[in-house]
Structure formats: structure tokens, C-alpha cells
Protein chains: 2
Amino acid sequence: MSINLDTIKFNQDGLVPAIVVDVATKDVLMMAWMSSESLALTLQNRETYFYSRSRSELWHKGATSGSTQEVEEVYYDCDGDTLLVKVRQNGSGACHTGSYSCFTNRLDAK
Amino acid sequence: MSINLDTIKFNQDGLVPAIVVDVATKDVLMMAWMSSESLALTLQNRETYFYSRSRSELWHKGATSGSTQEVEEVYYDCDGDTLLVKVRQNGSGACHTGSYSCFTNRLDAK
């Protein structure tokens, strides 16, 4: 499989935001950043890899926790500067807090 | 309604990424950036406002095209640095190309 990453616009730090969605429920699980290296690994190994801006390192999601994400489909947007990754979520969930999704906090009035 | 935006971490440019989802279909429509001003207007007026990085200006989504987005719920993630906005999409869709969603291009092999 040969994939041309020239369509993807990485920012000045060499990163692109990746929205991760559960392909089974369509829930948004998380958003994290990918470098060209982590994107290539994601496409090649069919599990998600990100780039941690706080730790400045490549990060294989779920490598220690078991909450890996099996990649079903990867899309990019009309500007080529955002990715949408549809996954099957393993383990307890996507969030480092143990939650299924990172988006559990409501900002506006209930 | 009083909303405390102190929980939201804006980046060095004063912006936060906002993922927009169709509350009816759960499809991811687009990702764009919000300033504190555009977020406050979004919460107050219950339609989406963003900050255009290319035009360096506040942007009321659909103001000219009619493709406004009525805000149902706004969430923030575990790190407080990404927003998830659930909307009812008006008009033809969310994308400036005329598409319903900005994520129509598949990156990986079909």
C-alpha cells in the first residue's frame, strides 16, 4: 500500500490535529496531534500513534494501558489540515482518566 | 447565564480547536478555531462563531451562506484544550465546498 501524505498540511511544529471517533457508536473519543511519523505508523500498523506535545515524543495509544485503537478509516478535511480517524476502541476507553471519551465535561448550562 | 471560561486553555495564539458534530446524525462536520470572543458569542447567541486564522478575523458561520449552525451542547475535553460543539446544521452543509461535512476525502486505501 502506497499513501501520499503530500495532501496533508502539517503546522509549523510539523503536527496535524486528529479527531478520533468510535466507528461503532459514532461518539467523538478524543483529539490528539499526529506528526508525519505517527500518521505513517497509524496507516501502516492500523492502530493509532500520536505525538505528545508535553512529552515531545511519539506515543502509541494504549501501548501500556491496553486501550489501543484499531483503525478502520482515515479521512482528511477540505483544507487538508485536520484528520478524522474512525477506530474500534479497546480496553476501558480513550481517555487517560479512564473514561470512554475525553469529552465528558459540559461547558454550557444544562 | 454565567459561564466561566477559565476551564478552557487557549493556545499561544489565544485559540482553541472546536470539533463540530451534527447532533442529529452524530457525523463530524468540521473543525475550526475559536477565540475567547467567538466562544463567548457562540454560547451567548447559540450559533457558532469561529476565528479565521487565514483572514485574522471573527467569523459567524453561515452569516452569508445561510448554513448557520444552531448550538445544542458544548463540551470540553479532559485537558480543557479542545471543544466539542453539537449543532443542528442549517442550509446545504458545513463545508465551504458545499458538502455536508468537510471530511469527505479518504486518506487510507479503500
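What counts and what doesn't
Residues numbered from 1 in each chain as written. Chains lettered and ligands numbered in written order. Predicted model: local features only at pLDDT ≥ 70, side-chain atom pairs only at ≥ 80, totals over all residues. Heavy atoms only, no water. Least-squares fit on C-alpha atoms with pLDDT ≥ 70 in both. Pairing = 2+ DSSP bridges. Helix = DSSP H or I, 4+ residues; strand = E, 2+ residues; numbered from the N terminus. Contact = heavy atoms within 4.5 Å. Axes fitted to C-alpha atoms, helices over the stretch in contact; angles between N-to-C directions. Buried area = accessible area lost by both parts, 1.4 Å probe. Salt bridge = Lys/Arg side-chain N within 4 Å of Asp/Glu carboxyl O. Core = buried A, V, L, I, M, F, W, Y, C linked by side-chain atoms within 4.5 Å. Buried < 20%, exposed > 50% of the residue type's maximum accessible area, 1.4 Å probe, protein only. Polar contact = N/O pair within 3.5 Å; in protein donor to acceptor, adjacent residues only side chain to side chain. Disulfide = S-S within 2.5 Å.

Undergrad: I tried to follow the relation of the copies chain A and chain B on my own but got confused; where do I start?
TA: Copy one and copy two of the chain differ by a rotation about a common axis and a shift along it. In the superposition of chain A on chain B (RMSD 0.0 Å, axial shift 0.0 Å), the rotation amounts to 180 degrees. On the angle and the small slide along the axis, the relation comes out as a two-fold axis. In terms of C-alpha distance to the rotation axis, chain A has Lys26 of chain A as its closest residue, with the C-alpha 3.0 Å off the axis.

Undergrad: Help me out: how do you make sense of the sheet that holds strand E6 (residues 83–89) of chain A in this one?
TA: What holds strands together in a sheet is hydrogen bonding between their backbones, with the strands either parallel or antiparallel. With mixed pairing, five strands are arranged side by side in an open sheet as E2(A)-E1(A)-E6(A)-E5(A)-E7(B). Whereas interior strands pair on both sides, the edge strands pair on one side only; in this sheet they are strand E2 (28–35) of chain A together with strand E7 (105–106) of chain B. With seven bridges connecting them, strand E5 (residues 69–76) of chain A and E6 of chain A associate as antiparallel partners. The residue of E6 of chain A that forms the bridge with Val71 of chain A is Val87 of chain A. Each of E2, E5 and E6 of chain A is contacted by helix H1 (residues 36–45) of chain A, which is oriented at about 120 degrees to E2 of chain A, the strand it contacts most.

Undergrad: Which parts of the structure should I look at to understand the interface of chain A and chain B?
TA: How large an interface is tends to be reported as the accessible area lost when its parts come together. Each side of the interface is counted separately: chain A has 43 residues, and chain B has 43 residues. At the boundary of chain A with chain B, total buried surface from both sides reaches about 3300 Å², with 66% on carbon and sulfur atoms. Three residues, Lys26, Phe103 and Leu107 of chain A, lead the burial of chain A against chain B; their summed loss comes to 22% of the area buried on that side. Applying the counting rule to chain A against chain B returns eight salt bridges.

Undergrad: In this structure, what is going on with the nonpolar core? I would like to understand it.
TA: For soluble globular proteins, nonpolar side chains are generally found buried alongside one another. In terms of nonpolar packing, the biggest core is built from 61 residues, with Ile19, Val28 and Leu83 of chain A together with Ile19, Val28, Leu83 and Leu107 of chain B touching the most fellow members. Residues contacting Leu83 of chain A, with those up to four places away along its chain left out, are Ile8, Val16, Pro17, Ala18, Ile19, Met34, Leu39, Tyr75 and Tyr76 of chain A together with Phe103 and Leu107 of chain B.

Undergrad: Could you clarify how one ought to interpret the side chain of Ser101 of chain B in this entry?
TA: Residue and element names in this part refer to chain B. Tracing the backbone shows Ser101 in the loop between strand E6 (83–89) and E7. For Ser101, the side chain forms a polar contact with the main-chain oxygen of Val28, separated by 2.9 Å. Here Phe103 takes part through its backbone nitrogen, which lies 2.9 Å from a polar atom of the side chain of Ser101. If sequence neighbours within four positions are ignored, Ser101 has contacts with Val28, Leu29 and Cys95.

Undergrad: Would you mind showing me how to read the environment of Arg106 of chain B here?
TA: Mapped onto the fold, Arg106 of chain B is located in strand E7. In this structure Arg106 of chain B touches Glu72, Glu73, Val74, Tyr75 and Tyr76 of chain A, once residues within four positions along its chain are discounted. A distance of 3.3 Å separates the side chain of Arg106 of chain B from the backbone oxygen of Glu72 of chain A, its partner in a polar contact. Side chain to side chain, Arg106 of chain B and Asp108 of chain B meet in a polar contact 2.9 Å long.

Undergrad: In this structure, what is going on with the pattern of salt bridges? I would like to understand it.
TA: In the structure shown here, the tally under the stated rule is 14 salt bridges over all chains. We note a salt bridge from Glu57 of chain A to Arg55 of chain A, for which the minimum N-O separation is 3.0 Å. Its salt-bridge partner being Arg53 of chain B, residue Asp81 of chain A comes within 3.7 Å of it at the nearest N-O pair. You can see Asp81 of chain A sitting in the loop between E5 and E6 and its partner Arg53 of chain B sitting in the loop between strand E3 (49–52) and strand E4 (57–60), one on each of two chains. Looking at Asp81 of chain A, the relative accessible area reads 21%, which means it is partly exposed. In this structure, a network of salt bridges that share partners links the residues Arg46 and Glu73 of chain A together with Arg106 and Asp108 of chain B.

Undergrad: Which parts of the structure should I look at to understand the sheet that holds strand E7 (residues 105–106) of chain A?
TA: Taken in spatial order, the five strands of this open sheet run E7(A)-E5(B)-E6(B)-E1(B)-E2(B), and their pairing is mixed. Taken across any chain shown, the strands that pair with only one partner, and hence form the sheet edges, are E7 of chain A together with strand E2 (28–35) of chain B. Along the sheet face, helix H1 (residues 36–45) of chain B touches E2, strand E5 (69–76) and E6 of chain B and points at about 120 degrees away from the line of E2 of chain B.

Undergrad: What is the right way to read the state of the cysteines from this model?
TA: Simply put, the disulfide is a covalent bond whose two ends are the sulfur atoms of two cysteines. In total, this model carries zero disulfides over all chains according to the counting rule given. Just so you know, Cys78 of chain A is unpaired, no disulfide at all, and the nearest cysteine sulfur is the one on Cys95 of chain B, 3.6 Å from it. Cys78 of chain A sits in the partly exposed class, given a relative accessible area of 28%. Lacking any disulfide linkage, Cys102 of chain B is separated from the closest cysteine sulfur, that of Cys95 of chain B, by 3.6 Å. Judged by relative accessible area, Cys102 of chain B falls into the buried class, the value being 8%.

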